[in-house]
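Architecture at a glance
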Amino acid sequence: MINVTFVCLGNICRSPMAELIFKNMVKERGLELDFVITSCGTSDCEEGNPIYEPARRTLAAHGISGSHFARQLTLRDIKNNDYILVMDSSNLMDVLRLTCGGYGDKIFKLCSFTPRPRDVADPWYTRDFERAFADIYDGCKCFLDYIISRL
């Protein structure tokens, strides 16, 4: 079983989009029994809230659905997961602060698996949910290819 957690700031836009996109990809490849996939935020500011409506609509436009309620990342989440995939450099710094610099072998920026490493811009601020979707999709696809190549 491979445990993966996607992380952004509030856990209502990017990380739940990544969670649902990745779950969909894994299911399409018949690998859903091989993964436990979740998402969290580095902040508790949105804890308990559902996925942000523009993010949900963007996923739905691409045929992806699912439910989600925000929660904050804990050190226990980091310890119990094989991969912690953050959306941007700020999230990475927040997670490294939480771990006091530990667990670096399992903490990655999502798009570091792509041929063009980059941050996933926060659509809460940019309002560009399609761009966030495209970047997250690319990161998830390349990450899944990476995992499959290691199996």
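The residue numbering used here restarts from 1 in each chain and proceeds along that chain's sequence as written. Only residues with pLDDT of at least 70 get local features here, since the model is predicted, and only at 80 or more are side-chain atom pairs given and counted; chain-wide, interface and lining totals rely on the full set of residues. Based on all heavy atoms of the structure, the side-chain values leave hydrogens and waters out of the count.

**Let's talk about the pattern of salt bridges**
Put simply, the test is: Each salt bridge in this description consists of a side-chain nitrogen of Lys or Arg and a carboxyl oxygen of Asp or Glu lying within 4 Å of one another. Secondary structure elements follow DSSP: runs of H or I no shorter than four residues count as helices, runs of E no shorter than two count as strands, and numbering proceeds from the N terminus. Three exposure classes are used, based on accessible area relative to the maximum for each residue type with a 1.4 Å probe and protein chains only: buried under 20%, partly exposed in between, and exposed over 50%.
In total, this model carries 13 salt bridges according to the counting rule given. The salt bridge involving Arg 14 is made with Asp 88; its shortest N-O contact spans 2.8 Å. Remark: Asp 88 occurs in the loop between strand S3 (83–86) and helix H4 (89–98) and Arg 14 occurs in helix H1 (residues 14–28); sequence separation between them is 74 residues. For the pair Arg 14 and Asp 88, a shared accessibility class is recorded, and that class is buried. Here the salt bridges do not stand alone but share partners, grouping Arg 118, Arg 131, Asp 135 and Asp 138 into one network.

**Some thoughts on the nonpolar core**
One recurring pattern in soluble globular proteins is that nonpolar side chains are buried together. To keep things clear, this is the line we draw: Put simply, a nonpolar core is a bunch of buried Ala, Val, Leu, Ile, Met, Phe, Trp, Tyr and Cys residues held in one set by side-chain atoms that sit within 4.5 Å of each other. Contact definition: two residues touch when any of their heavy atoms are within 4.5 Å.
Ranked by size, the top nonpolar core spans 37 residues in total, and within it Val 4, Phe 6, Phe 22, Phe 35, Ile 136 and Cys 140 carry the most contacts. Where this core is concerned, the elements lending two or more residues are strand S1 (2–8), H1, strand S2 (35–41), helix H2 (53–61), S3 and helix H6 (129–150). With near-sequence residues (within four places) excluded, Val 4 lies in contact with Phe 22, Phe 35, Val 36, Ile 37, Thr 38, Asn 81, Tyr 83, Leu 85 and Phe 143. Grouped together as the second largest cluster of nonpolar side chains are 8 residues, Cys 40, Leu 73, Ile 78 and Ile 107 included.

**Describing the sheet that holds strand S4 (residues 107–109)**
Stated formally: For two strands to count as paired, DSSP must find a minimum of two bridges between them. Axis geometry follows a simple rule: fit a line to the C-alpha atoms, using only the stretch in contact for helices, then measure angles between N-to-C directions, giving values from 0 to 180 degrees.
Reading across from one edge, S2-S1-S3-S4 is the order of the 4 strands in this open sheet, with parallel pairing throughout. Every other strand in the sheet has two partners, leaving S2 and S4 as the edge strands with one partner each. On average, each strand axis in the sheet is tilted by 25° relative to the strand beside it, whichever way the strands run. Bridge analysis of S1 against S3 gives 4 bridges, and the strand direction is parallel. Bridge pairing in S3 links Val 7 to Val 86.

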